[in-house]
Amino acid sequence: MDSGPLRDLLEFPPDDIEVVYSPRECRTLVSAVPEESEMDPHVRDCVRSYTEDWAIVNRKYHKLGTGFNPNTLDKQKERQKGLPKQIFESDEAPDGNSYQDEQDDLKRRSMSIDDTPRGSWACSIFDLKNSLPDALLPNLLDRTPNEEIDHQNDDQRKSNRHKELFALHPAPDEEEPIERLCVPEVPKEHFGQRLLVKCLSLKFEIEIEPIFASLALYDVKEKKKISENFYFDLNSEQMKGMLRPHVPPAAITTLARSAIFSITYPSQDVFLVIKLEKVLQQGDIGECAEPYMIFKEADAAKNKEKLEKLKSQAEQFCQRLGKYRMPFAWTAIHLMNIVSSAGSLERDSTEVEIGTGERKGSWSERRNSSIVGRRSLERTTSGDETCNLTSFRPATLTVTNFFKQEGDRLSDEDLYKFLADMRRPSSVLRRLRPITAQLKIDISPAPENPHYCLTPELLQVKLYPDSRVRPTREILEFPARDVYIPNTTYRNLLYVYPQSLNFANRQGSARNITVKVQFMYGEDPSNAMPVIFGKSSCPEFSKEAYTAVVYHNRSPDFHEEIKIKLPATLTDHHHLLFTFYHVSCQQKQNTPLETPVGYTWIPMLQNGRLKTGQFCLPVSLEKPPQAYSVLSPEVPLPGMKWVDNHKGVFNVEVVAVSSIHTQDPYLDKFFALVHALDEHMFPVRIGDMRIMENNLENELKSSISALNSSQLEPVVRFLHLLLDKLILLVVRPPVIAGQIVNLGQASFEAMASIINRLHKNLEGNQDQHGRNNLLTSYIYYVFRLPNTYPNSPSPGPGGLGGSVHYATMARSAVRPASLNLNRSRSLSNSNPDISGTPTSPDDEVRSIIGSKATDRSCNRMSSHTETSSFLQTLTGRLPTKKLFHEELALQWVVCSGSVREAALQQAWFFFELMVKSMVHHLYFADKLDAPRKNRFPERFMDDICALVSTIANDIVSRFQKDTEMIERLNTSLAFFLNDLLSIMDRGFVFSLIKACYKQVSSKLYSLPNPSILVSLRLDFLRIICSHEHYVTLNLPCSLLTPPASPSPSVSSATSQSSGFSTNVQDQKIANMFELSVPFRQQHYLAGLVLTELAVILDPDAEGLFGLHKKVINMVHNLLSSHDSDPRYSDPQVKARVAMLYLPLIGVIMETVPQLYDFTETHNQRGRPSCVTIDDYESEGGSMISQTVAMAIAGTSVPQLTRPSSFLLTSTTGRQHSTFSAESSRSLLICLLWVLRNADESVLQKWFTDLSVLQLNRLLDLLYLCVSCFEYKGKKVFERMNSLTFKKSKDMRAKLEEAILGSIGARQEMVRRSRGQLERSPSGSAFGSQENLRWRKDMTHWRQNTEKLDKSRAEIEHEALIDGNLATEANLIILDTLEIVVQTVSVTESKESILGGVLKVLLHSMACNQSALYLQHCFATQRALVSKFPELLFEEETEQCADLCLRLLRHCSSSISTIRSHASASLYLLMRQNFEIGNNFARVKMQVTMSLSSLVGTSQNFNEEFLRRSLKTILTYAEEDLELRETTFPDQVQDLVFNLHMILSDTVKMKEHQEDPEMLIDLMYRIAKGYQTSPDLRLTWLQNMAGKHSERSNHAESAQCLVHSAALVAEYLSMLEDRKYLPVGCVTFQNISSNVLEESAVSDDVVSPDEEGICSGKYFTEAGLVGLLEQAAASFSMAGMYEAVNEVYKVLIPIHEANRDAKKLSTIHGKLQEAFSKIVHQDGKRMFGTYFRVGFYGTKFGDLDEQEFVYKEPAITKLAEISHRLEGFYGERFGEDVVEVIKDSNPVDKCKLDPNKAYIQITYVEPYFDTYEMKDRITYFDKNYNLRRFMYCTPFTLDGRAHGELHEQFKRKTILTTSHAFPYIKTRINVSHKEEIILTPIEVAIEDMQKKTQELAFATHQDPADPKMLQMVLQGSVGTTVNQGPLEVAQVFLSEIPNDPKLFRHHNKLRLCFKDFTKRCEDALRKNKSLIGPDQKEYQRELERNYHRLKEALQPLINRKIPQLYKAVLPVACHRDSFSRMSLRKMDI
């Protein structure tokens, strides 16, 4: 194969691994090294360890492995730059609000319903003709051959596609990917949080003398000084001048005024303590401080003389005592207060004044108390959060009060007491009198890299542009607790703290005592070394330091800190010398200034170890004798005089801060012995022992094992050196007494135990794999093969470092010129299977090593053999060449017991050491070009095999007991194998992997619950597959010819003879797509990955459900990293990569029934059910079975007998557990990636081989993909954002728990990552997104600032990505559909799947799609229709209807390109249909129906856009020359006009969206308009039914359904004559009298057998039954049970005819329910309340002067409906415009204000004639089929409503409606109105009849109701009743009327009264029987009243009118005519 990207796919790159020596960063300008040239070996090793270069092994392409997949959340943003914005209609649509405003405008513009009567074609056409069409598609009408169209479509589809699918798909939400190993941090010097303190000024009330200051940090709780002192000097030049004679010129380093403090453990207990000293003077501190307390600056002029005097005194003291100091004053600042208060203020920098308090003595800080209080509360909740020093606002402090030092309280102990006391509110210190002064200090977080900085050793830190600038000092920290960080810089400091002296018992004068401290290298006084650091304004170093003097104190305390720079190499003569002086303060004659009064000393080395700690030393009175320095003063030297009898009187502490001295006896001993070996110097002195050579071996071994006892802190500090030495002992066993001593085992054990100690004690220092950071960085940067530096000293900084690998062995510091080797040499890495060509040897190396090296076989190691004799003489060691990795492997294999356990615990460490050692070895031995098979000896490879095998066995046998450890071990092993793939033979590593797999598989058989083990295996595999050359390792390039190199699974012999060598093409294709043996041999790792996937996703795999997410993420991660890999960007190469995953398609097809159903959220009917689950099972072509078996067996040879393992117990008819939305989404995106990148021809061949069932399954998958990746729309993102997801409760609770700290967040994350989340079913269609968003936010919960609300831009970005993903995903689906269609064209079979293709296409049109996708989609759809027209028009008629609907939907899109494509498609569809049969009735019919349902359902439907599309279609028809002569153009025109009509109507509907009555009226009208098109009328009736049930108008809904049923029945009876079916509408009359309007009698009725008519699903017997059942259900909900019975009367004959006993039993059950409800609810049923509503005023448009009867829900009060209508129209026209007319009198239009809208609402009751009452017996009868209603209006002739009895008239109005209630709408027009006027007497008659009825009812009520009865009685016979019965009688019956017309009324009223009195009597009798004894009196009273009434009425009742009792006959006829005419006014 030629070179190029494809070739690179096959081979490892030559520069795969490189060994780089990178110089280490040095903070300082010159690196810190000792100044001495001669150093002892230990110092030399330390220095080398701190200066040599890092030795790094770099896998150059490592970042391309999956662990660094750039598609993880954090990096994806970068890669999404520059995406095109996809245009989606859903985003373009106006949002709710503006749409609403538009609606309101429309409401206000009143439009008449009848503006466009159905018939007005003219105006509709006029509208259309004047609208503009959209752009026409060019060449649409040309007859281009299909192939060419396909070709064009294909080209267009493939251009400008987004290259990387995964960049658009949000990464699955994983914690840190398990395969990611981050590069460890570079070891560097430790700093805590850094604080910059600047001292600005110090002023006292009086300025008379210089004052010296120092700062240090103290931790009260730990009682520890946590920093060294910082000395500063703020004196004016004048003051400094006073000391001139005593102070040599100051070095600039001592002039610092700012310092950087480091605090590792910030806490509330840290104080910044400031101490002041002054020049010694006579008098105790109190006296000296007095002037500072009494003089005030303000009074300077007043006290001038006194001040002058003080000044001159001061000058004298300065001259005489200038070199001595005395303590003066101190103060302290509570650091955290400053930090926290500064943090809480809003200014840039804060000024805090300390001590300007209310009283002089106060030292409080302002705002202090509140802050402390609040903070301490916070602290309890948030740990040390408040102690964060990295981010507070800088503060400027002014300290105003100092406390004077008490001479007897100078010790640190006293200071801690003071500080503790300071924190108490009632501090003792408050009572002290302060020294007032002003010290200004700035405190701020230290900047990242401050300029002009000096280290504690006074070295300049980098960026020191100018040496003359005043520096900032870094102050050394003494951390409060141990800090575990290895040393990386040379530091060797000693701090001496004289503490106290007791000279109380010393004879003679010794009062003003000072101690002089010197560091001596010999005993002569001149041997003092200049190594004591100066304080402030003095030289850098001096030879002596004096302590401050406490006046007249014989046992003073000291608080001095003396800092000394230790020499690198110490001898026995180095010591500290203390000399005690008495200073005479007064000037007397011949008294010397200082008198020595004692001496003592400390030797620096004791038995070779540095001597530090607390000392209590005796003090000698005279100079110590000769050779004192090697002894300690405790030794009683003969003839010396001591203070106080040689008792200890001087307390002093010595502290070392050193990276040379370990200060640990065990480490010291070990290093000393190792160096003794190096130097070959015997005997060795260690402590008190002398070790001879013959004893050395035992001592060495015991010292190695004793390392365990050493302190952890020094072990960590000297970790690098310690490990180096141990490794050295393994590789070069020492020669002791002529014997080689093997220390391999001892060293191995020591390493294992040290590493475990670190692991256990430094928990927080680990990465996710449990690797300790200190150790990882040791391996990565420090470790190198020991042979690479035989004892070369490293001269000066950047010395030979690591590159002296092959230099001469002499111990000279001279460096051969030729040694400047090229620092980094890339290691080539040949392809594992192709032997490399040797490159020429490195010339430079050859020149160094000498002539012998010219021979190629002589490798870089040869230098050792060359110089062995020389070496031996030098060190007594034979350089036995052991290779570290070989020795390590051997030790590990042979170790056992606790050592083995320790090594297993930290296996990663040894694995990584081994790998680095192997690489270094190859590098130095020039073997990186050698073929991989020959790189390592057989023996070593056997050890590796044994090691891997035993470790695999551990994993398998212990995973249940030691879960956590085994998890670590498992990942370590995987990483090891991953590393080996880079350096060893691929076949060998594969065999190791296979061995591990075998062990796991055999264990899996016996496990009841395999998931933990399988999960471990997944981790293992995932890590191995994260190798950067994973693709190359899979041999991607052969199309499954038998493998060329024996892959690990089969030897080439078997592979040749296996059945595949015949190489049949089809078999080959199948092999590529199935997990067949050849596939898994050829692509070993990919085979393992896909097999895992298949096994875990297999629905029978019990117990593996929790691993779905894990295994899917593994595949997803692999694919997404291939996708973004620059090496595979070439499409050809990507196709090759995709080939490795072809079987994935099959695996996913198997899972179809388990995938999350994303379609549920659509109104479609869920996923297409082409294939049921049983089909999936039964189909022979199942793609896994055999491979599953193989996978389990872990072999690659098909098992003939299925193992009876847990995976294959197939249960029948099982339930599939569904995957979560997130997992399904990941799987589907993987599927799309493969489909997108695989070679199309290969896919096509495979599709050709698939069965129809399998192809259908693939189509199901695509269908799901469409829904899965549907664009959600900006609105959704905004909504999701505002909702802050409703996650499942438990999840939330868990998180909160994590957040509030009951469990550590880290632990929580770990727990979650173990996969307990997979189970919670993800809520919505985009559950995956939700999961992701909420959980990601939560993982950052610390950053409280991170709001959950995303910014506008983020939402935009999310929507942009989602849009691009949706577009790309759908285009891939489209590509695949095209391939399927071609497959069909090629094979000319499988037409049956075209329906499936169409289904997917239609589904994608129905989803939310971008304009870009839709263009391509329509193009494909047009091509499909033109290739297979009969498909749509003959087979898939439902689909045709669907297609019409989709096209129309898009014709109304707001985006013009979508419209033009949709109209083109629609036009061609009609044309095609026409051409097939010269009539496109079907399409016409379906388009019309589609439009109706579209309009009925779609909310934001815009008729304007649709109108344009209709115009476009018309334009096509006009331009289509070929069909000009046919009827086609006219038919199109007809259709378009008809559509336009419907459109206009529906526009109106939209206006009335808010007015339910109006809306229903319109729907009703549209439905009426479809009288001739039964399908459409049915559609609209159903729309209405839907609207009604939404509003709970169940009766109306039922009526709509009954009408629908009647309509269907009419057509069914035309089609077939079946006796049991209803005859048509007539059958339904009993249910409702309105039904007859459905009868199909008009002339224009379409006969049902015409094509395309009544083809809907309802026009069948089943449809009819369905409608009726729904109707029954609705009636039942409405409580109209009688109607239920009527409905079932129609249904029962049908079921009887069908012998459907089951249905009949259900129906009778329901009937029983219905009738029992009628019985139970008797008297409690309520149906409706009726109101007459009249509308008056032009504002109402169509409604003006219309009257309706409204049916409202039962018990609606007049006020309620009035409020509703008034509110509704008020909102529409304006509240001031609408007025409700309060009475029910006839309205006179002339009197109304024409600018107002009037509504009159009156309560009406159903009205029945007397004859009707015979039939209407029950409550139901009286409330069903109502057409007449009545209301009454009282009036008098003079216009008032009410008057006296004799003038009170009443008007009864009877309304007749056009249809009977309940009807298919809730308001019906009044079609007829009549009025009856009652004269006063008639009114009286009615009243009396009513009263009598009431009495009768109350009397006969059962059970009796005494209260009711008494109420009625009281109203009838009570005396006080005004206008009561008596008055009525007196008005109308007292005399006979003059007008004979009124005789009859008179008589009738008389008879009424007769009846009335009788009823009263009955009622009284009844009441008597009901009352108790307490009501007896009441009863008597009632009876008295009754008798009174009866007497009064008696004469009136008995008077008859004689005229009425004449002859019988004439009277009868007269009566008749009379009753008919009584003052009736007819009104029609």
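Relevant structure appears above.
Since we're looking at a predicted model, the values are computed, not measured.

The rules behind the values
- Residues numbered from 1 in each chain as written.
- Predicted model: local features only at pLDDT ≥ 70, side-chain atom pairs only at ≥ 80, totals over all residues.
- Heavy atoms only, no water.
- Helix = DSSP H or I, 4+ residues; strand = E, 2+ residues; numbered from the N terminus.
- Buried < 20%, exposed > 50% of the residue type's maximum accessible area, 1.4 Å probe, protein only.
- Contact = heavy atoms within 4.5 Å.
- Areas by Shrake-Rupley, 256 points an atom, 1.4 Å probe, with all protein chains shown as cover.
- Axes fitted to C-alpha atoms, helices over the stretch in contact; angles between N-to-C directions.
- Parallel < 35°, antiparallel > 145°, perpendicular 65-115°, else oblique.
- Left-handed = near helix turned anticlockwise from the far one by under 90°.
- Expected span 1.5 Å × (residues − 1).
- Bend = angle between axes of the 7 residues up to and from the residue.
- Pairing = 2+ DSSP bridges.
- Nonpolar A, V, L, I, M, F, W, Y, C, P; charged D, E, K, R; others polar.
- Phe/Tyr/Trp six-rings, centres within 6.5 Å; stacked < 30°, edge-to-face > 60°.
- Lys NZ or Arg CZ within 6 Å of the ring centre and 35° of its normal.
- Polar contact = N/O pair within 3.5 Å; in protein donor to acceptor, adjacent residues only side chain to side chain.
- Core = buried A, V, L, I, M, F, W, Y, C linked by side-chain atoms within 4.5 Å.
- Patch = residues over 30% accessible without salt bridge, like charges linked within 9 Å, V, L, I, M, F, W, Y side chains within 5 Å.
- Salt bridge = Lys/Arg side-chain N within 4 Å of Asp/Glu carboxyl O.
- Lys, Arg positive; Asp, Glu negative; His and termini not counted.
- Charge placed at Lys NZ, Arg CZ, Asp CG, Glu CD.

Chemist: Explanation requested: the overall build of the protein chain in the structure shown.
Modeler: The number of helices and strands found in the protein chain is 69 helices and 39 strands. The burial tally for the protein chain puts 57% of its 2028 residues in the buried class. At a minimum sequence separation of 6, the contacts of the protein chain that also span at least 24 residues come to 79%. A total of about 85,900 Å² of accessible surface is found on the protein chain, and carbon and sulfur atoms cover 52% of it.

Chemist: I'm lost on the packing of helix H47 (residues 1352-1387) against helix H48 (residues 1394-1406) in this one. Help?
Modeler: To describe two helices that pack against each other, one gives the angle between their axes and the distance between the axes. Direction vectors running N to C along H47 and H48 enclose 160°, while the axes themselves pass 10 Å from each other. Classed by the angle they form, the pair H47 and H48 counts as roughly antiparallel. Read as a crossing pair, H47 and H48 show a hand that is left-handed. Contacts between H47 and H48 involve Asn 1370, Ile 1373, Leu 1374, Leu 1377, Val 1380, Val 1381 and Val 1384 from the first element and Leu 1394, Val 1397, Val 1400, Leu 1401 and Ser 1404 from the second.

Chemist: Help me understand helix H60 (residues 1681-1697), please; the structure alone is not making it clear to me.
Modeler: Since the α-helix packs 3.6 residues into each turn, any two residues three or four apart lie on the same face. Taking 1.5 Å as the rise per residue, H60 with 17 residues should run 24 Å; its terminal C-alpha atoms sit 25 Å apart, in good agreement. At Val 1690, H60 shows its strongest bend, of approximately 30°, with the proline Pro 1693 following within four residues. Counted residue by residue, H60 has 13 buried out of 17 residues, so it is predominantly covered. Downstream of H60 by a residue or two, Arg 1699 has a phi angle that is positive, lying close to 50°.

Chemist: Could you clarify how one ought to interpret the sheet that holds strand E16 (residues 513-520) in this entry?
Modeler: Each strand in a sheet pairs with its neighbour through backbone hydrogen bonds, running either in the same direction (parallel) or in the opposite one (antiparallel). Reading across from one edge, E19-E16-E21-E22 is the order of the 4 strands in this open sheet, with antiparallel pairing throughout. Single-partner strands in this sheet number two, and they are strand E19 (545-546) and strand E22 (594-603). As paired strands, strand E21 (residues 575-583) and E22 are joined by 9 bridges and run antiparallel to one another. When the bridges of E22 are listed, Phe 580 appears paired with Gly 598.

Chemist: It is not clear to me how the packing of helix H42 (residues 1252-1268) against H48 should be interpreted in this structure. Could you clarify?
Modeler: At their nearest, the axes of H42 and H48 sit 9 Å apart, and the two run at 0° to each other. Taken as axis vectors, H42 and H48 run roughly parallel relative to one another. Where H42 abuts H48, its residues Leu 1259, Leu 1262, Tyr 1263, Val 1266 and Ser 1267 lie against Gly 1396, Val 1397, Lys 1399, Val 1400, His 1403 and Ser 1404. The residue makeup of the contact of H42 with H48, split by class, is 6 nonpolar, 4 polar and 1 charged.

Chemist: What's the story with the packing of aromatic side chains in this structure? I'm lost.
Modeler: The geometry of an aromatic ring pair is captured by the separation of the ring centres together with the interplanar angle, meaning the angle of the planes. Applying the stated rule across the entire model yields 59 aromatic pairs. Consider the rings of Phe 1735 and Phe 1748, whose centres lie 6.1 Å apart with planes at 70°: the pair is edge-to-face. In this pair, Phe 1735 is assigned in strand E32 (residues 1728-1736) and Phe 1748 in strand E33 (residues 1747-1753), connecting sequence segments 13 residues apart. The buried category is assigned to Phe 1735, whose relative accessible area is 0%. The aromatic ring of Phe 212 is capped on one face by Arg 325, whose charged end is 4.1 Å from the ring centroid. Positioned over the ring face of Tyr 1564 is Lys 1865, at 4.4 Å from the centre of the ring.

Chemist: In this structure, what is going on with the side chain of Asn 1823? I would like to understand it.
Modeler: Of note, Asn 1823 is situated in the loop between helix H63 (1810-1813) and strand E36 (1826-1835). What makes Asn 1823 buried here is its relative accessible area of 7%. Polar side-chain contacts of Asn 1823 include one of 3.0 Å to the backbone oxygen of Tyr 1819.

Chemist: Mind showing me how you'd approach the nonpolar core here?
Modeler: Across soluble globular proteins, nonpolar side chains have a tendency to be buried as a group. Trp 892, Ile 993 and Tyr 1141 are the most contacted members of the largest nonpolar core, which has 353 residues in total. Looking at which element gives the most residues to this core, the answer is helix H25 (residues 907-924), with 13 residues. Tyr 1141 has contacts with Tyr 1030, Leu 1090, Leu 1118, Leu 1119, His 1122, Trp 1233 and Val 1234, leaving out every residue within four places of it along the chain. With 49 residues, the next largest nonpolar core counts Ala 256, Phe 261, Ala 395 and Ile 435 among its residues.

Chemist: Before we go on, may I ask you to explain a nonpolar patch on the surface in this structure?
Modeler: On the surface, a nonpolar cluster with roughly 200 Å² of combined accessible area is contributed by Val 630, Leu 631 and Val 635. Here Val 630 shows up in the loop between strand E25 (613-618) and strand E26 (648-658).

Chemist: In this structure, what is going on with a negative patch on the surface? I would like to understand it.
Modeler: Residues Glu 1388, Glu 1391, Glu 1430, Glu 1434 and Glu 1435 make up a contiguous surface patch of negative charge. Position of Glu 1434 relative to the elements: it lies in helix H50 (residues 1429-1435). Overall, the relative accessible area of 54% leaves Glu 1434 in the exposed class.

Chemist: Before we go on, may I ask you to explain unusual backbone geometry in this structure?
Modeler: The linkage connecting Phe 1861 with the following residue, Pro 1862, adopts the cis geometry, with an omega of -15°. If you trace the backbone, Pro 1862 turns up in the loop between strand E37 (1849-1861) and strand E38 (1867-1878). We note that Asn 160 has phi near 55°; this positive angle belongs to a residue other than glycine. Looking at where Asn 160 falls in the secondary structure, it is placed in the loop between helix H7 (146-158) and strand E3 (193-204).

Chemist: I keep staring at the environment of Leu 217 and nothing clicks. Help me out?
Modeler: One can find Leu 217 in strand E4 (residues 211-219). The spatial distance from the C-alpha of Leu 217 to the C-alpha of Ile 274 is 8.9 Å, given a sequence separation of 57 residues. In contact with Leu 217, other than residues within four places in its own chain, are Lys 225, Ile 226, Ser 227, Phe 261, Ile 263, Val 270, Phe 271, Leu 272 and Leu 335.

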